[in-house]
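# Remarks on the overall topology
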Amino acid sequence: MSRSTRSAQVAAIDLGATSGRVMLADVSRGRLELEQVARFANDPIHLWNGRRSALHWDLPGLFRAASAGLAEAGRQSDDLVGIGVDSWAVDYGLLREGRMLGLPHHYRDARSAVGVDAVHAELGPADLYVRNGLQHLPFTTLYQLAAEKADGLLDQADTALLIPDLITYWLTGQRGTERTNASTTGLLGINGRWDTPMMERLGLPVGLFPDIVETGTDRGPLLGEVADRLGLAASTRVTAVASHDTASAVAAIPMDPTRAAYISCGTWGLVGVELDEPVVSRDGWKANFTNEVGADGRIRYLHNVMGLWLLSETVRQYQREGYRADLGELLAQAAEAPPTVEIFDTDDARFLPPGDMPGRIRAWYDERGMRSPMTRPEMVRAIVDSLASAFADGVVRAAELSGTTVETVHLVGGGSQNRLLCQLTADRLGLPVQAGPVEATALGNVLITARAHGLIDGDLAAMRSIVADRFPPQHYAPRDSRGTRFRTAVGTGKA
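Numbering of residues starts from 1 in each chain and follows the order in which that chain's sequence is written. Totals for whole chains, interfaces and linings use every residue, but because this is a predicted model, local features are given only for residues with pLDDT of at least 70 and side-chain atom pairs only at 80 or more, for both listing and counting. In computing side-chain properties, one takes all heavy atoms of the structure into account and sets aside hydrogens as well as water.

Moving on, we come to helix H3 (residues 125-132). When a residue's accessible area, from a 1.4 Å probe over protein chains only, is under 20% of the maximum for its type it is buried; when over 50% it is exposed; and in between it is partly exposed. Helical segments are the DSSP runs of H or I of at least four residues, strand segments are the runs of E of at least two, and each set is numbered from the N terminus. Taken as a whole, H3 has its buried residues at Leu128, Tyr129 and Asn132. Down the axis of H3, the buried side of the element spans an arc of 105 degrees, and every buried residue falls inside it. Gly133 sits one or two residues past H3 and shows a positive phi near 70 degrees. As used here, the arc is the angular range of directions from the helix axis to the C-beta atoms.

In this section: unusual backbone geometry. Cis geometry is found at the peptide bond from Gly436 to Pro437, where omega equals 10 degrees. Checked against the element boundaries, Pro437 lands in the loop between strand E19 (433-435) and helix H16 (440-452). In the Ramachandran plot, Val90 falls in the positive-phi region, its phi being about 70 degrees despite a non-glycine side chain. Within the element layout of this structure, Val90 appears in the loop between strand E6 (80-87) and strand E7 (92-96). Phi angles above zero are rare outside glycine, and Asp296 is one such case at about 60 degrees. Tracing the backbone through its elements, the reader meets Asp296 in the loop between strand E16 (290-293) and strand E17 (299-305).

Take the state of the cysteines next. Cysteine sulfur atoms are paired as a disulfide whenever they fall within 2.5 Å. A full pass over the atoms with the stated rule returns zero disulfides. This cysteine, Cys265, is not joined by any disulfide, and Cys422 carries the nearest cysteine sulfur, 8.0 Å off. Given a relative accessible area of 0%, Cys422 falls into the buried group.

By a widespread convention, an interface's size corresponds to the accessible area lost as its parts come together. Segmentation into domains, and thus their bounds, comes from an automatic or database assignment. Once the domains are mapped, the protein shows domain 1 (7-245) and domain 2 (255-436 + 458-494). Using only C-alpha atoms to locate each centre, domain 1 and domain 2 end up separated by 25 Å. Only heavy atoms enter the contact rule, under which two residues are in contact if any of them lie within 4.5 Å. Counting residues at the interface gives 27 residues for domain 1 and 27 residues for domain 2. When two parts are brought into contact, each loses some accessible area as probed by a 1.4 Å sphere; the total of that loss over both is the buried area. Carbon and sulfur atoms supply 60% of the area that domain 1 and domain 2 bury against each other, a total of about 2,200 Å² over both sides.

What follows covers the packing of helix H13 (residues 357-367) against helix H14 (residues 376-402). The geometry of a pair of packed helices is captured by two quantities: the angle between their axes and the separation between those axes. Note on method: axes are straight lines fitted to C-alpha atoms, helices fitted across the in-contact stretch only, with angles between N-to-C directions ranging 0 to 180 degrees. Where H13 contacts H14, the two axes come as close as 11 Å, and the packing angle between them is 70 degrees. Between H13 and H14, the angle falls in the class roughly perpendicular. Across from Pro358, Ile361, Arg362 and Tyr365 in H13, the residues of H14 making contact are Met379, Ala382, Ile383 and Ser386. Residues are grouped as follows: nonpolar covers Ala, Val, Leu, Ile, Met, Phe, Trp, Tyr, Cys and Pro; charged covers Asp, Glu, Lys and Arg; every other residue, Gly included, is treated as polar. In the contact of H13 with H14, the residues fall into six nonpolar, one polar and one charged. With respect to orientation, any angle under 35 degrees is reported as roughly parallel, any angle over 145 as roughly antiparallel, any angle of 65 to 115 as roughly perpendicular, and every other angle as oblique.

Sheet architecture is open: six strands sit in the order E3-E2-E1-E6-E13-E12, paired in mixed fashion. Since the sheet does not close on itself, it has two edges, and those belong to strand E3 (33-41) and strand E12 (218-221), each with one partner. Direction aside, neighbouring strands of the sheet carry axes that sit 20 degrees apart on average. For two strands to be treated as a pair, DSSP must find at least two bridges joining them. By the bridge criterion, seven bridges tie strand E1 (residues 9-15) to strand E2 (residues 19-26) in an arrangement that is antiparallel. Residue Asp14 lies in a different strand from E2, and its bridge partner there is Arg21. Sitting on the sheet, helix H1 (residues 59-75) touches E1, E2, E3 and E6, and the angle it makes with E3 is about 150 degrees.

Sheet architecture is open: three strands sit in the order E8-E7-E9, paired in antiparallel fashion. Looking at which strands have only one partner, the edges of the open sheet turn out to be strand E8 (99-100) and strand E9 (159-162). As paired strands, E7 and E9 are joined by four bridges and run antiparallel to one another. Note on E9: the bridge partner recorded for Gly93 is Leu161.

The structure is reproduced here in C-alpha coordinates:
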(Lines give C-alpha, C1' and ligand atoms only; values in the text may rest on other atoms or scores of the structure.)
Protein backbone atom coordinates (compact mmCIF):
# COMPACT_ATOMS: atom_id res chain seq x y z
CA MET A 1 0.00 0.00 0.00
CA SER A 2 1.30 3.43 -0.93
CA ARG A 3 0.10 6.67 0.64
CA SER A 4 1.17 10.07 1.76
CA THR A 5 2.65 10.57 5.22
CA ARG A 6 -0.32 12.54 6.59
CA SER A 7 -3.09 10.85 8.54
CA ALA A 8 -6.45 10.82 6.79
CA GLN A 9 -9.80 9.08 6.93
CA VAL A 10 -12.64 8.42 4.51
CA ALA A 11 -16.28 7.59 5.19
CA ALA A 12 -18.75 5.32 3.43
CA ILE A 13 -22.50 5.78 3.35
CA ASP A 14 -23.64 2.22 2.68
CA LEU A 15 -27.40 1.87 2.21
CA GLY A 16 -28.78 -1.66 2.05
CA ALA A 17 -32.34 -2.71 1.34
CA THR A 18 -33.06 -3.39 5.03
CA SER A 19 -30.53 -1.22 6.88
CA GLY A 20 -27.99 1.51 6.36
CA ARG A 21 -24.70 2.34 7.98
CA VAL A 22 -21.91 4.89 7.96
CA MET A 23 -18.43 3.39 8.12
CA LEU A 24 -15.21 5.23 8.92
CA ALA A 25 -11.91 3.98 7.48
CA ASP A 26 -8.39 4.96 8.40
CA VAL A 27 -5.94 4.02 5.66
CA SER A 28 -3.00 5.89 7.07
CA ARG A 29 0.44 4.52 7.96
CA GLY A 30 0.06 1.44 5.78
CA ARG A 31 -3.06 0.11 7.43
CA LEU A 32 -6.76 -0.26 6.75
CA GLU A 33 -9.00 0.09 9.79
CA LEU A 34 -12.78 0.05 9.38
CA GLU A 35 -15.26 1.07 12.06
CA GLN A 36 -19.03 1.42 12.05
CA VAL A 37 -20.02 4.81 13.44
CA ALA A 38 -23.75 4.65 12.70
CA ARG A 39 -26.33 2.02 11.84
CA PHE A 40 -30.02 2.56 11.16
CA ALA A 41 -33.05 0.69 9.91
CA ASN A 42 -34.30 1.09 6.35
CA ASP A 43 -38.00 0.42 6.73
CA PRO A 44 -40.31 1.00 3.73
CA ILE A 45 -43.49 3.04 4.06
CA HIS A 46 -46.97 2.12 2.80
CA LEU A 47 -48.84 5.19 1.52
CA TRP A 48 -52.37 5.31 0.11
CA ASN A 49 -52.33 6.79 -3.39
CA GLY A 50 -56.07 7.01 -4.06
CA ARG A 51 -56.27 3.53 -5.58
CA ARG A 52 -54.10 1.26 -3.46
CA SER A 53 -51.41 1.20 -0.82
CA ALA A 54 -48.04 1.79 -2.48
CA LEU A 55 -44.62 0.91 -1.07
CA HIS A 56 -42.04 3.71 -0.85
CA TRP A 57 -38.57 4.36 0.55
CA ASP A 58 -38.26 6.90 3.37
CA LEU A 59 -35.36 8.56 1.62
CA PRO A 60 -35.42 11.82 3.63
CA GLY A 61 -35.24 9.71 6.78
CA LEU A 62 -32.31 7.76 5.36
CA PHE A 63 -30.54 10.98 4.42
CA ARG A 64 -31.10 12.38 7.91
CA ALA A 65 -29.65 9.22 9.50
CA ALA A 66 -26.72 9.12 7.06
CA SER A 67 -26.01 12.80 7.73
CA ALA A 68 -25.95 12.16 11.47
CA GLY A 69 -23.52 9.32 10.78
CA LEU A 70 -21.26 11.62 8.77
CA ALA A 71 -21.30 14.14 11.60
CA GLU A 72 -20.23 11.39 14.00
CA ALA A 73 -17.51 10.29 11.55
CA GLY A 74 -16.24 13.86 11.56
CA ARG A 75 -16.12 13.95 15.34
CA GLN A 76 -14.09 10.74 15.39
CA SER A 77 -11.66 11.87 12.66
CA ASP A 78 -8.67 14.14 12.68
CA ASP A 79 -8.82 14.59 8.90
CA LEU A 80 -11.91 13.31 7.07
CA VAL A 81 -11.04 13.95 3.44
CA GLY A 82 -13.55 11.91 1.46
CA ILE A 83 -17.02 10.37 1.35
CA GLY A 84 -18.48 7.68 -0.91
CA VAL A 85 -22.11 6.62 -1.30
CA ASP A 86 -23.46 3.23 -2.36
CA SER A 87 -26.91 1.63 -2.24
CA TRP A 88 -29.13 -1.02 -3.73
CA ALA A 89 -29.82 -0.78 -7.45
CA VAL A 90 -32.67 0.21 -9.82
CA ASP A 91 -34.62 2.68 -7.63
CA TYR A 92 -34.55 6.44 -8.17
CA GLY A 93 -36.05 9.78 -7.28
CA LEU A 94 -37.84 12.06 -9.75
CA LEU A 95 -36.98 15.76 -9.58
CA ARG A 96 -38.25 18.96 -11.11
CA GLU A 97 -36.03 22.05 -10.93
CA GLY A 98 -33.94 20.32 -8.28
CA ARG A 99 -36.81 19.34 -5.97
CA MET A 100 -37.83 15.73 -5.38
CA LEU A 101 -41.35 14.86 -6.52
CA GLY A 102 -42.59 12.53 -3.80
CA LEU A 103 -40.93 9.59 -2.10
CA PRO A 104 -39.20 7.09 -4.40
CA HIS A 105 -41.08 3.85 -4.96
CA HIS A 106 -39.73 0.64 -3.48
CA TYR A 107 -38.72 -1.96 -6.06
CA ARG A 108 -40.98 -4.49 -4.32
CA ASP A 109 -44.06 -2.34 -5.03
CA ALA A 110 -46.59 -4.11 -7.24
CA ARG A 111 -46.81 -1.27 -9.79
CA SER A 112 -43.92 -2.62 -11.88
CA ALA A 113 -46.16 -5.29 -13.47
CA VAL A 114 -47.86 -2.56 -15.51
CA GLY A 115 -44.48 -1.39 -16.74
CA VAL A 116 -43.39 -4.91 -17.73
CA ASP A 117 -46.50 -5.34 -19.88
CA ALA A 118 -46.06 -1.91 -21.50
CA VAL A 119 -42.39 -2.49 -22.38
CA HIS A 120 -42.86 -6.04 -23.65
CA ALA A 121 -45.65 -4.88 -25.93
CA GLU A 122 -42.92 -3.00 -27.83
CA LEU A 123 -39.75 -5.00 -27.10
CA GLY A 124 -39.70 -8.61 -25.97
CA PRO A 125 -37.32 -9.96 -23.31
CA ALA A 126 -34.96 -11.50 -25.89
CA ASP A 127 -34.74 -8.19 -27.78
CA LEU A 128 -34.01 -6.33 -24.56
CA TYR A 129 -31.27 -8.79 -23.62
CA VAL A 130 -29.46 -8.17 -26.89
CA ARG A 131 -29.61 -4.42 -26.21
CA ASN A 132 -28.68 -4.24 -22.51
CA GLY A 133 -27.45 -7.71 -21.50
CA LEU A 134 -29.57 -7.74 -18.34
CA GLN A 135 -31.49 -10.57 -16.75
CA HIS A 136 -35.24 -10.13 -16.49
CA LEU A 137 -36.22 -8.63 -13.17
CA PRO A 138 -39.74 -7.17 -13.02
CA PHE A 139 -38.59 -4.15 -11.01
CA THR A 140 -35.74 -3.00 -13.28
CA THR A 141 -35.68 0.80 -13.66
CA LEU A 142 -36.85 0.51 -17.25
CA TYR A 143 -40.11 -1.14 -16.15
CA GLN A 144 -40.59 1.28 -13.27
CA LEU A 145 -40.29 4.24 -15.63
CA ALA A 146 -42.88 2.69 -17.94
CA ALA A 147 -45.20 2.43 -14.92
CA GLU A 148 -44.50 6.10 -14.12
CA LYS A 149 -45.38 6.98 -17.70
CA ALA A 150 -48.67 5.08 -17.47
CA ASP A 151 -49.49 7.08 -14.32
CA GLY A 152 -48.58 10.38 -16.01
CA LEU A 153 -45.84 11.11 -13.49
CA LEU A 154 -42.96 11.42 -15.96
CA ASP A 155 -44.55 14.54 -17.45
CA GLN A 156 -43.85 16.34 -14.18
CA ALA A 157 -40.15 15.46 -13.92
CA ASP A 158 -37.09 16.89 -15.65
CA THR A 159 -34.47 14.69 -13.90
CA ALA A 160 -34.17 11.21 -12.41
CA LEU A 161 -31.38 10.31 -10.02
CA LEU A 162 -30.56 6.81 -8.80
CA ILE A 163 -30.51 6.56 -5.00
CA PRO A 164 -26.72 7.03 -4.46
CA ASP A 165 -26.67 9.84 -7.02
CA LEU A 166 -29.58 11.53 -5.25
CA ILE A 167 -27.74 11.37 -1.91
CA THR A 168 -24.64 12.76 -3.65
CA TYR A 169 -26.75 15.59 -5.13
CA TRP A 170 -28.05 16.52 -1.68
CA LEU A 171 -24.48 16.55 -0.36
CA THR A 172 -22.74 18.40 -3.21
CA GLY A 173 -25.36 19.91 -5.53
CA GLN A 174 -23.81 17.93 -8.41
CA ARG A 175 -25.89 15.68 -10.70
CA GLY A 176 -24.66 12.60 -12.51
CA THR A 177 -25.31 8.89 -13.00
CA GLU A 178 -22.51 6.64 -11.75
CA ARG A 179 -21.78 3.89 -14.24
CA THR A 180 -22.09 0.72 -12.14
CA ASN A 181 -25.59 1.61 -10.98
CA ALA A 182 -26.54 2.94 -14.43
CA SER A 183 -25.76 -0.53 -15.79
CA THR A 184 -28.63 -2.00 -13.72
CA THR A 185 -31.33 0.29 -15.14
CA GLY A 186 -31.97 -1.47 -18.46
CA LEU A 187 -31.47 1.92 -20.15
CA LEU A 188 -27.73 1.56 -20.73
CA GLY A 189 -26.79 -0.24 -23.91
CA ILE A 190 -24.32 -3.10 -23.96
CA ASN A 191 -21.98 -0.54 -25.58
CA GLY A 192 -21.96 1.51 -22.37
CA ARG A 193 -24.04 4.42 -23.70
CA TRP A 194 -27.62 5.44 -22.97
CA ASP A 195 -29.91 3.62 -25.41
CA THR A 196 -31.74 6.67 -26.72
CA PRO A 197 -33.42 4.87 -29.66
CA MET A 198 -35.00 2.43 -27.21
CA MET A 199 -36.16 5.26 -24.93
CA GLU A 200 -37.73 7.04 -27.89
CA ARG A 201 -39.48 3.86 -29.03
CA LEU A 202 -40.92 3.33 -25.55
CA GLY A 203 -41.93 6.97 -25.17
CA LEU A 204 -39.55 7.57 -22.27
CA PRO A 205 -37.93 11.01 -22.02
CA VAL A 206 -34.38 11.05 -23.38
CA GLY A 207 -32.04 12.90 -21.05
CA LEU A 208 -34.05 12.18 -17.91
CA PHE A 209 -30.95 10.66 -16.30
CA PRO A 210 -27.83 12.89 -16.27
CA ASP A 211 -24.59 11.98 -18.03
CA ILE A 212 -22.64 8.92 -16.99
CA VAL A 213 -20.01 9.48 -14.29
CA GLU A 214 -17.12 7.00 -14.14
CA THR A 215 -16.30 5.18 -10.92
CA GLY A 216 -13.63 7.05 -8.97
CA THR A 217 -14.61 10.49 -10.30
CA ASP A 218 -14.44 13.42 -7.91
CA ARG A 219 -17.96 14.83 -7.39
CA GLY A 220 -16.77 17.96 -5.67
CA PRO A 221 -16.77 19.32 -2.13
CA LEU A 222 -19.71 19.33 0.25
CA LEU A 223 -22.12 22.21 -0.12
CA GLY A 224 -21.16 24.92 2.35
CA GLU A 225 -24.40 24.68 4.30
CA VAL A 226 -24.08 20.87 4.47
CA ALA A 227 -20.51 21.08 5.77
CA ASP A 228 -21.55 23.65 8.38
CA ARG A 229 -24.58 21.65 9.51
CA LEU A 230 -22.56 18.44 9.90
CA GLY A 231 -19.51 20.10 11.42
CA LEU A 232 -17.27 18.91 8.58
CA ALA A 233 -14.49 20.75 6.80
CA ALA A 234 -15.55 22.60 3.66
CA SER A 235 -12.73 20.76 1.85
CA THR A 236 -14.37 17.34 2.42
CA ARG A 237 -15.06 15.88 -1.01
CA VAL A 238 -17.43 13.22 -2.35
CA THR A 239 -16.15 10.49 -4.68
CA ALA A 240 -18.31 8.51 -7.11
CA VAL A 241 -17.51 5.04 -5.83
CA ALA A 242 -18.91 1.85 -7.37
CA SER A 243 -22.31 3.05 -6.19
CA HIS A 244 -24.21 -0.18 -6.79
CA ASP A 245 -23.57 -1.94 -3.49
CA THR A 246 -22.81 -5.25 -5.19
CA ALA A 247 -20.22 -3.57 -7.41
CA SER A 248 -18.48 -2.18 -4.32
CA ALA A 249 -18.69 -5.58 -2.62
CA VAL A 250 -17.16 -7.41 -5.58
CA ALA A 251 -14.34 -4.84 -5.73
CA ALA A 252 -13.36 -5.90 -2.20
CA ILE A 253 -13.54 -9.68 -2.66
CA PRO A 254 -10.02 -11.08 -2.16
CA MET A 255 -10.19 -13.35 -5.20
CA ASP A 256 -8.43 -14.29 -8.38
CA PRO A 257 -11.29 -13.73 -10.85
CA THR A 258 -9.81 -16.15 -13.38
CA ARG A 259 -10.26 -19.07 -10.96
CA ALA A 260 -13.11 -18.08 -8.66
CA ALA A 261 -16.80 -17.33 -8.42
CA TYR A 262 -18.44 -15.07 -5.84
CA ILE A 263 -21.67 -14.87 -3.88
CA SER A 264 -22.49 -11.45 -2.45
CA CYS A 265 -25.11 -12.43 0.08
CA GLY A 266 -27.35 -9.95 1.85
CA THR A 267 -31.03 -9.28 1.22
CA TRP A 268 -30.27 -10.66 -2.24
CA GLY A 269 -27.74 -13.29 -3.20
CA LEU A 270 -25.75 -12.22 -6.27
CA VAL A 271 -23.99 -15.26 -7.72
CA GLY A 272 -21.49 -14.94 -10.53
CA VAL A 273 -18.01 -14.35 -11.91
CA GLU A 274 -16.00 -11.30 -12.94
CA LEU A 275 -15.11 -10.93 -16.62
CA ASP A 276 -13.28 -8.62 -19.00
CA GLU A 277 -16.17 -8.47 -21.47
CA PRO A 278 -19.95 -9.06 -21.35
CA VAL A 279 -21.42 -12.39 -22.41
CA VAL A 280 -24.62 -11.85 -24.38
CA SER A 281 -25.75 -15.29 -25.50
CA ARG A 282 -29.08 -17.01 -25.92
CA ASP A 283 -28.09 -19.54 -23.26
CA GLY A 284 -27.26 -16.70 -20.87
CA TRP A 285 -30.61 -15.06 -21.57
CA LYS A 286 -32.50 -18.30 -20.99
CA ALA A 287 -30.59 -18.84 -17.72
CA ASN A 288 -31.46 -15.23 -16.68
CA PHE A 289 -27.84 -14.13 -16.26
CA THR A 290 -26.99 -10.46 -16.29
CA ASN A 291 -24.05 -8.31 -17.37
CA GLU A 292 -23.51 -5.42 -14.96
CA VAL A 293 -20.54 -3.08 -14.82
CA GLY A 294 -18.11 -3.35 -11.93
CA ALA A 295 -15.26 -1.21 -10.66
CA ASP A 296 -12.53 -0.37 -13.16
CA GLY A 297 -14.77 -1.35 -16.07
CA ARG A 298 -14.99 -5.03 -15.18
CA ILE A 299 -18.16 -7.02 -15.92
CA ARG A 300 -20.13 -8.72 -13.16
CA TYR A 301 -21.74 -11.70 -14.86
CA LEU A 302 -24.27 -12.94 -12.34
CA HIS A 303 -27.71 -14.20 -11.42
CA ASN A 304 -29.96 -12.86 -8.65
CA VAL A 305 -31.11 -15.29 -5.96
CA MET A 306 -33.69 -14.23 -3.37
CA GLY A 307 -31.07 -14.26 -0.58
CA LEU A 308 -31.41 -13.64 3.15
CA TRP A 309 -34.73 -11.90 2.50
CA LEU A 310 -36.33 -15.33 2.89
CA LEU A 311 -34.90 -15.70 6.39
CA SER A 312 -35.53 -12.14 7.54
CA GLU A 313 -39.17 -12.20 6.39
CA THR A 314 -39.64 -15.59 8.06
CA VAL A 315 -38.31 -14.24 11.36
CA ARG A 316 -40.56 -11.17 11.04
CA GLN A 317 -43.58 -13.41 10.53
CA TYR A 318 -42.72 -15.47 13.61
CA GLN A 319 -42.44 -12.23 15.58
CA ARG A 320 -45.84 -11.08 14.30
CA GLU A 321 -47.23 -14.38 15.57
CA GLY A 322 -45.87 -13.64 19.05
CA TYR A 323 -42.80 -15.89 18.95
CA ARG A 324 -39.65 -14.19 20.17
CA ALA A 325 -37.66 -15.31 17.17
CA ASP A 326 -33.88 -15.25 17.40
CA LEU A 327 -32.26 -16.07 14.08
CA GLY A 328 -29.08 -17.38 15.66
CA GLU A 329 -31.02 -19.83 17.83
CA LEU A 330 -33.17 -20.90 14.88
CA LEU A 331 -30.08 -21.52 12.74
CA ALA A 332 -28.51 -23.60 15.50
CA GLN A 333 -31.69 -25.69 15.68
CA ALA A 334 -31.80 -25.94 11.89
CA ALA A 335 -28.23 -27.27 11.85
CA GLU A 336 -29.40 -30.16 14.04
CA ALA A 337 -32.45 -30.85 11.86
CA PRO A 338 -32.28 -33.50 9.10
CA PRO A 339 -31.31 -32.23 5.63
CA THR A 340 -34.26 -31.11 3.52
CA VAL A 341 -35.22 -33.92 1.16
CA GLU A 342 -37.01 -31.72 -1.34
CA ILE A 343 -35.82 -28.14 -1.75
CA PHE A 344 -38.04 -25.32 -3.00
CA ASP A 345 -37.51 -22.82 -5.80
CA THR A 346 -36.18 -19.69 -4.11
CA ASP A 347 -36.73 -17.70 -7.32
CA ASP A 348 -40.52 -18.16 -7.29
CA ALA A 349 -42.08 -14.70 -7.70
CA ARG A 350 -44.43 -15.26 -4.75
CA PHE A 351 -41.48 -14.76 -2.40
CA LEU A 352 -40.70 -11.24 -3.66
CA PRO A 353 -43.21 -9.10 -1.68
CA PRO A 354 -43.17 -8.67 2.10
CA GLY A 355 -45.56 -10.85 4.11
CA ASP A 356 -46.09 -14.32 5.50
CA MET A 357 -43.00 -16.05 4.12
CA PRO A 358 -43.44 -19.37 6.00
CA GLY A 359 -47.03 -19.58 4.74
CA ARG A 360 -45.94 -18.99 1.15
CA ILE A 361 -43.22 -21.62 1.40
CA ARG A 362 -45.68 -24.17 2.81
CA ALA A 363 -48.10 -23.31 -0.03
CA TRP A 364 -45.31 -23.94 -2.58
CA TYR A 365 -44.86 -27.45 -1.20
CA ASP A 366 -48.59 -28.13 -0.80
CA GLU A 367 -49.31 -27.21 -4.43
CA ARG A 368 -46.87 -29.91 -5.54
CA GLY A 369 -48.08 -32.59 -3.16
CA MET A 370 -44.83 -32.48 -1.19
CA ARG A 371 -44.38 -32.56 2.55
CA SER A 372 -43.92 -28.97 3.69
CA PRO A 373 -41.71 -27.94 6.63
CA MET A 374 -43.89 -27.84 9.74
CA THR A 375 -41.68 -26.82 12.67
CA ARG A 376 -39.68 -23.60 12.82
CA PRO A 377 -36.29 -25.42 12.69
CA GLU A 378 -37.53 -27.43 9.69
CA MET A 379 -38.63 -24.23 7.94
CA VAL A 380 -35.30 -22.50 8.53
CA ARG A 381 -33.42 -25.64 7.42
CA ALA A 382 -35.49 -25.79 4.23
CA ILE A 383 -34.70 -22.15 3.50
CA VAL A 384 -30.95 -22.58 4.04
CA ASP A 385 -30.83 -25.86 2.11
CA SER A 386 -32.75 -24.27 -0.78
CA LEU A 387 -30.54 -21.16 -0.79
CA ALA A 388 -27.38 -23.30 -0.78
CA SER A 389 -28.82 -25.26 -3.69
CA ALA A 390 -29.64 -22.07 -5.61
CA PHE A 391 -26.18 -20.66 -4.90
CA ALA A 392 -24.49 -23.84 -6.09
CA ASP A 393 -26.60 -23.92 -9.22
CA GLY A 394 -25.73 -20.28 -9.92
CA VAL A 395 -22.01 -20.95 -9.58
CA VAL A 396 -22.16 -23.94 -11.92
CA ARG A 397 -24.17 -22.02 -14.54
CA ALA A 398 -21.90 -18.96 -14.30
CA ALA A 399 -18.86 -21.14 -14.91
CA GLU A 400 -20.48 -22.95 -17.84
CA LEU A 401 -21.85 -19.84 -19.54
CA SER A 402 -18.71 -17.74 -19.13
CA GLY A 403 -16.07 -20.44 -19.62
CA THR A 404 -14.53 -19.64 -16.22
CA THR A 405 -12.73 -22.43 -14.36
CA VAL A 406 -14.01 -22.12 -10.80
CA GLU A 407 -11.82 -23.64 -8.11
CA THR A 408 -12.92 -21.51 -5.15
CA VAL A 409 -16.11 -19.69 -4.20
CA HIS A 410 -15.99 -16.46 -2.18
CA LEU A 411 -19.09 -15.69 -0.11
CA VAL A 412 -19.19 -12.14 1.29
CA GLY A 413 -21.68 -9.90 3.04
CA GLY A 414 -24.04 -10.74 5.87
CA GLY A 415 -24.46 -14.30 4.61
CA SER A 416 -20.80 -15.01 5.33
CA GLN A 417 -21.72 -15.07 9.05
CA ASN A 418 -24.24 -17.85 8.44
CA ARG A 419 -22.05 -20.88 9.09
CA LEU A 420 -24.73 -23.36 8.07
CA LEU A 421 -25.27 -21.62 4.72
CA CYS A 422 -21.54 -21.46 4.00
CA GLN A 423 -20.98 -25.13 4.82
CA LEU A 424 -24.00 -26.36 2.86
CA THR A 425 -22.94 -24.30 -0.16
CA ALA A 426 -19.48 -25.89 -0.04
CA ASP A 427 -21.07 -29.33 0.33
CA ARG A 428 -23.44 -28.81 -2.59
CA LEU A 429 -20.65 -27.64 -4.87
CA GLY A 430 -17.87 -29.90 -3.72
CA LEU A 431 -15.69 -26.78 -3.72
CA PRO A 432 -14.09 -24.77 -0.91
CA VAL A 433 -15.97 -21.66 0.19
CA GLN A 434 -14.03 -18.67 1.50
CA ALA A 435 -16.38 -16.66 3.74
CA GLY A 436 -15.87 -12.95 4.33
CA PRO A 437 -15.38 -10.13 4.63
CA VAL A 438 -18.79 -9.32 6.11
CA GLU A 439 -18.45 -5.62 5.27
CA ALA A 440 -17.27 -6.15 1.70
CA THR A 441 -19.50 -3.39 0.34
CA ALA A 442 -18.20 -0.76 2.75
CA LEU A 443 -14.62 -1.90 2.11
CA GLY A 444 -14.99 -1.54 -1.65
CA ASN A 445 -16.54 1.88 -1.11
CA VAL A 446 -13.78 3.24 1.13
CA LEU A 447 -10.96 1.74 -0.93
CA ILE A 448 -12.14 3.48 -4.10
CA THR A 449 -12.47 6.77 -2.21
CA ALA A 450 -9.03 6.30 -0.65
CA ARG A 451 -7.51 5.60 -4.06
CA ALA A 452 -9.12 8.73 -5.49
CA HIS A 453 -7.44 10.75 -2.72
CA GLY A 454 -4.04 9.14 -3.29
CA LEU A 455 -4.10 7.36 0.07
CA ILE A 456 -3.57 4.02 -1.69
CA ASP A 457 -2.76 3.15 -5.26
CA GLY A 458 -2.99 0.22 -7.62
CA ASP A 459 -5.60 -1.74 -9.50
CA LEU A 460 -8.36 -4.04 -8.26
CA ALA A 461 -5.84 -6.80 -7.55
CA ALA A 462 -3.90 -4.44 -5.29
CA MET A 463 -7.03 -3.38 -3.41
CA ARG A 464 -8.09 -6.99 -2.99
CA SER A 465 -4.66 -7.83 -1.62
CA ILE A 466 -5.15 -5.19 1.06
CA VAL A 467 -8.49 -6.76 2.02
CA ALA A 468 -7.00 -10.27 2.11
CA ASP A 469 -4.22 -9.13 4.44
CA ARG A 470 -6.50 -7.22 6.80
CA PHE A 471 -9.62 -9.42 6.70
CA PRO A 472 -8.61 -13.03 6.05
CA PRO A 473 -11.63 -15.20 5.10
CA GLN A 474 -12.90 -18.25 6.95
CA HIS A 475 -12.43 -21.51 5.08
CA TYR A 476 -15.21 -24.09 4.59
CA ALA A 477 -14.13 -27.36 2.98
CA PRO A 478 -16.75 -29.61 1.37
CA ARG A 479 -17.52 -32.54 3.65
CA ASP A 480 -18.06 -34.89 0.70
CA SER A 481 -14.70 -35.20 -1.02
CA ARG A 482 -16.34 -36.65 -4.13
CA GLY A 483 -18.10 -33.33 -4.79
CA THR A 484 -21.73 -32.81 -5.71
CA ARG A 485 -21.76 -30.28 -8.52
CA PHE A 486 -25.28 -30.35 -9.84
CA ARG A 487 -28.02 -28.35 -11.43
CA THR A 488 -31.25 -27.87 -9.50
CA ALA A 489 -34.33 -29.13 -11.30
CA VAL A 490 -36.37 -26.01 -10.60
CA GLY A 491 -40.04 -26.69 -10.08
CA THR A 492 -39.58 -30.28 -9.00
CA GLY A 493 -37.87 -29.65 -5.71
CA LYS A 494 -35.36 -32.36 -6.57
CA ALA A 495 -31.62 -31.84 -6.34
